Amino acid sequence: MSTEPAATEDATPGTPEGGAADDSEPTPDETAPVDETEDAEAAQDGAPTEDSEDADDADTPDVSADADDKGASEGESSGQLSETEAEIAAQRELRERIEQRKASKQAPIEAGTKLSGTAADLLAAVRAVESGEKPVASAFQESGPAPRRPAPARAPEPVRPQQPAASRAPATETVEAVRAVLAEGGAPPALAEPTAAALGEGAEEDLRADPWQLLRVPGVRPEQADGFARALLGAECGPDDERRGRAVTVWLLEQAAVAGHTALDLAALTAALGQRAVPDPDAAVQSALAEGDALVFQDVIEGADVPVQRAQEEARGGGADDTADEGAEEGQEPERPVRVLIGLERYALAEESLADGLARVVNSRPGESGSDPAADDWEAAAAQASGSTAELIRAVAGHGLVLHSGGEEARAEPAALAAAAASLGLRVCAAAHSADGRRRLARATGSDETAVTVAGLLSGDQGPGRDPDGAFALDLLIVLDAPQLDVESAAMLVESLPDGARLVLSGDPGVLWSAGPGRVFADLVAARCCPQVVSRTPDPGPVGELTSGIAIGELNQVEAPGKEVVLVPVRDAPEAIHRTVQLVADSVPRAIGVPAEQTQVITPGHGGAAGTRALNAALKERLNPGPGRFGGFDPADRVAHVPAAGRTTLGRVVRADAEGLHLECDGSPVVVPKERVEREVRHAWALTAHQAAGLRWPAVVVVLPGDAAQLLTRPWVYTAFSRGERHLSVLQGVEQALPRAVAERLWKDRTTRLQTLLRPQVPAATS
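Residues numbered from 1 in each chain as written. Predicted model: local features only at pLDDT ≥ 70, side-chain atom pairs only at ≥ 80, totals over all residues. Heavy atoms only, no water.

1. Examining the side chain of aspartate 299
Along the chain, aspartate 299 falls in strand S3 (residues 295–300). Owing to a relative accessible area of 1%, aspartate 299 belongs among the buried residues under this scheme. At 3.3 Å, the side chain of aspartate 299 forms a polar contact with the side chain of arginine 753. Setting aside its immediate chain neighbours within four residues, aspartate 299 contacts Pro337, Val338, Arg339, Leu341, Arg753 and Thr756. (Helix = DSSP H or I, 4+ residues; strand = E, 2+ residues; numbered from the N terminus. Buried < 20%, exposed > 50% of the residue type's maximum accessible area, 1.4 Å probe, protein only. Polar contact = N/O pair within 3.5 Å; in protein donor to acceptor, adjacent residues only side chain to side chain. Contact = heavy atoms within 4.5 Å.)

2. Quick word on empty space enclosed by the protein
This structure, assessed with the given rule, holds six cavities of 30 Å³ or more. The volume enclosed by the largest cavity comes to roughly 170 Å³. Around the largest cavity sit 17 residues that line it, and Glu408, Arg411, Asp481, Gly507 and Asp508 are the ones nearest its centre. In the lining of the largest cavity, the residues fall into five nonpolar, seven polar and five charged. (1 Å grid on protein atoms, 1.4 Å probe; cavity = no way out; pocket = protein on both sides within 12 Å on 5 of 7 lines; lining within 4 Å. Points joined across faces, edges and corners; volume = space filled by probe spheres on them. Nonpolar A, V, L, I, M, F, W, Y, C, P; charged D, E, K, R; others polar.)

3. Some remarks on the sheet that holds strand S15 (residues 660–665)
Judged by pairing direction, the sheet is antiparallel, and its five strands sit side by side in the order S16-S15-S14-S13-S17 without closing on themselves. A strand with exactly one partner marks an edge of an open sheet, and here the two such strands are strand S16 (668–672) and strand S17 (681–683). Averaged over all adjacent pairs, the angle separating strand axes in this sheet is 40°, with direction ignored. (Pairing = 2+ DSSP bridges. Axes fitted to C-alpha atoms, helices over the stretch in contact; angles between N-to-C directions.)

4. Some remarks on the pairing of strand S4 (residues 338–343)
For S4, a buried count of five out of six residues is recorded, marking the element as mostly surrounded by other parts of the structure. The pairing of strand S2 (residues 264–265) with S4 spans two bridges and is classified as antiparallel. When the sheet's bridge partners are listed, leucine 264 is paired in S4 with isoleucine 342. Summarising the sheet, S3 and S4 pair through six bridges and their orientation is antiparallel. The residue bridging valine 296 from the neighbouring strand is isoleucine 342, located in S4.

5. Examining the pattern of salt bridges
The final tally for this structure, using the stated rule, is 31 salt bridges. Of the charged contacts, one joins aspartate 293 and arginine 216 as a salt bridge, the two residues approaching to 3.5 Å between their closest N and O atoms. Here the residue aspartate 293 occupies a position in the loop between helix H10 (281–290) and S3, and arginine 216 occupies one in the loop between helix H6 (203–209) and helix H7 (222–233), the gap between them amounting to 77 residues. A salt bridge links aspartate 299 to arginine 753; the shortest N-O distance between them is 3.3 Å. Of the two residues, aspartate 299 is situated in strand S3 and arginine 753 in the loop between helix H27 (737–744) and helix H28 (754–758); the sequence distance between them amounts to 454 residues. The two residues aspartate 299 and arginine 753 agree in class, both being buried. Taken together, the shared-partner salt bridges in this structure form one network comprising Glu408, Asp436, Arg440, Arg696 and Arg723. (Salt bridge = Lys/Arg side-chain N within 4 Å of Asp/Glu carboxyl O.)

6. Structural notes on the packing of helix H4 (residues 172–184) against H7
The N-to-C vectors of H4 and H7 enclose an angle of 90°; their axes lie 8 Å apart at closest approach. Considering the angle they form, H4 stands roughly perpendicular to H7. The residues of H7 that touch H4, namely those facing Val181, Leu182 and Glu184, are Phe228, Ala231 and Leu232. Partitioning the contact of H4 with H7 into residue classes produces five nonpolar, no polar and one charged. (Parallel < 35°, antiparallel > 145°, perpendicular 65-115°, else oblique.)

7. Observations concerning helix H21 (residues 541–551)
Residues of H21 that are buried: Pro542, Val543, Gly544, Leu546, Thr547, Gly549 and Ile550. With its phi angle positive at about 90°, glycine 553 sits one or two positions after the end of H21.

8. Focus on the packing of aromatic side chains
Counted by the stated rule, this structure contains one aromatic pair. Measuring from centroid to centroid gives 5.7 Å for tryptophan 513 and tryptophan 747, while their planes differ by 15°, and the two rings are stacked. Placement of tryptophan 513 in the loop between strand S9 (502–507) and helix H20 (520–527) and of tryptophan 747 in the loop between H27 and H28 is noted, with a sequence separation of 234 residues between them. Its end group placed over the ring of phenylalanine 297, arginine 753 keeps NZ or CZ at 4.0 Å from the ring centre. (Phe/Tyr/Trp six-rings, centres within 6.5 Å; stacked < 30°, edge-to-face > 60°. Lys NZ or Arg CZ within 6 Å of the ring centre and 35° of its normal.)

9. Let's talk about the sheet that holds S4
Reading across from one edge, S2-S4-S3 is the order of the three strands in this open sheet, with antiparallel pairing throughout. At either end of the open sheet lies a strand with only one pairing partner, and these are S2 and S3.

10. Focus on unusual backbone geometry
In this structure, arginine 528 takes a positive phi of about 55° despite not being glycine. Counting through the fold element by element, arginine 528 comes out in the loop between H20 and strand S10 (532–534). The partly exposed category is assigned to arginine 528, whose relative accessible area is 38%. Phi is positive for glutamate 735, which is not a glycine, with a value near 50°. Along the chain, glutamate 735 falls in the loop between strand S20 (724–732) and H27. Relative accessible area serves as the criterion here: at 32%, glutamate 735 is assigned to the partly exposed category.

So this is what it looks like as structure tokens:
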């Protein structure tokens, strides 16, 4: 029997191919870090586009990706900090600690002053390359790889409090002064509080001195800042203003971070500045570097055979052979091509701190304190296991860092490792990406104390606590859903590990990368700096068979006698919405036995005719109708709370009062002030794949409207299809775009520096 009523009798089990005519939108411009068509809500789940939440689906970020979510939890009126807020506060402490450590190594770069030391040399080198005075390889001289060294000693760190203090709201006088300046420039008064929070004390003077500082406020676009500047400056305002070029440079780098990059190639950045009507992009970048708003890096391109400046040398009249001969005559090594990257200090410091911490873990001897189990004990524990679980235990016995990869079923292997290590007397903690993952992990390990969420561990609400040096009081940390770690979260985890502790990063390499900047797990897999255990445990059932094929680029037809996988062809968006409501409210509960509250809808983006907004409106009308008196919400509405980019927690509306919207998210009460409801809370009967990553439901309905064809990639399809435990329905409106995406469209690359930073610090591994 089909899972659909009469209107859906044509649905058939098996491979989700075929469907409605393709009505796809154009692919975002891959040459620029921005896309004018996108909407400000896109970044609420770390996505750069309105109609596609997948940051991997755009090479560079969206213009309007709304970073309101970042730091949005500051000043929360709730008396008790939520887990996400506590993690955000902990991140601020980490950044301060990293900056202090960097300051002890070299002179700090203060905003508003000229660069000095290494940064000044790099800036001079960039200018020399741009002017043609020097080829890239000679302008930047990189020292050879450092030999393997003992683990560096940990500097004493203060013990982090269990409940970090919430950030203070800006002073009322500051907000009012900013509101007056905004009124002069014709900006909305609602921007007063976020502007004061972003610019801090003296925000009024900062805005008058440099109106383009308004771009530091989440959600503000360059054209809006230009209008504000014209109103304040009058005839003095122009596109060639140095302040404008510097502000747009920083804004583009922030948007790049929304799309997952920790830095941007210099050529891509200058091209994007040109598209933003900056007359002299090179000067704008140099101004941002000189003022300390951005940092410049040079990375040797490994495996490149041709120096990047060869074509330029030939253009000046010297052939490639002549250049090579001159180098040989002088006894010099061949020029090594490099790439010049520009990045924000925040992500640069986090990535450097992560690389340093990982090198410490890799180069440390596990259990160097002397309390480690004997080798025979580890071998006995491995002997009691089998297959890849035994392989994982043996790898952890002798190494500080181990990578483990596999599908949903393979999560049992790190859980077995946790139990085995605990039986050997080690202090073990296993962290998942979400509260749902934590619950599944607790069932697998048989211990509620061992299982935590990453956010709860970092905030101090969960886990073993800290030792007097501020490090986690544990011997083995296992992190599941590792592909969801961005550079900042990963840096915080690694920085908090005590010397001699082991770290296992486990995850499914086929899922979408983190919503925040970086690709930590993928970079470590590519770096081959530690043992990598690949699980041989397949995911069961028709859904597992389907997703296993997708992981290797094949969209296979599968036998689904129990309607585990169902295809529902749709012609257009209205039909997709109609059938989605049918499936969730009637067909799946009746035929599969999964109630509507345990069925999740997943679609490529928030916008569009069948995006999350349209689907949630239709599902609310059917499943929980109401007037929506408080910002469109009613009690019992399913919601997603997004206080910061990529920090999505699911819950339900409890009530609303003068204090704000009261939610229950993952079993904890959360109060969202009225002024933040619109940007922090959305309905959640339908989610994007990024929001769904790390979560599982008994039944999942994936909606693929025709206008989403160009937004599909293999990781997106794999992530969405693998969220269902018992049942998967696919509303197919993209025809052959789906199998093409699975076969051909992989991850859109992210620009990161982790592999480069690790290379001189850790030995390459072949295991």
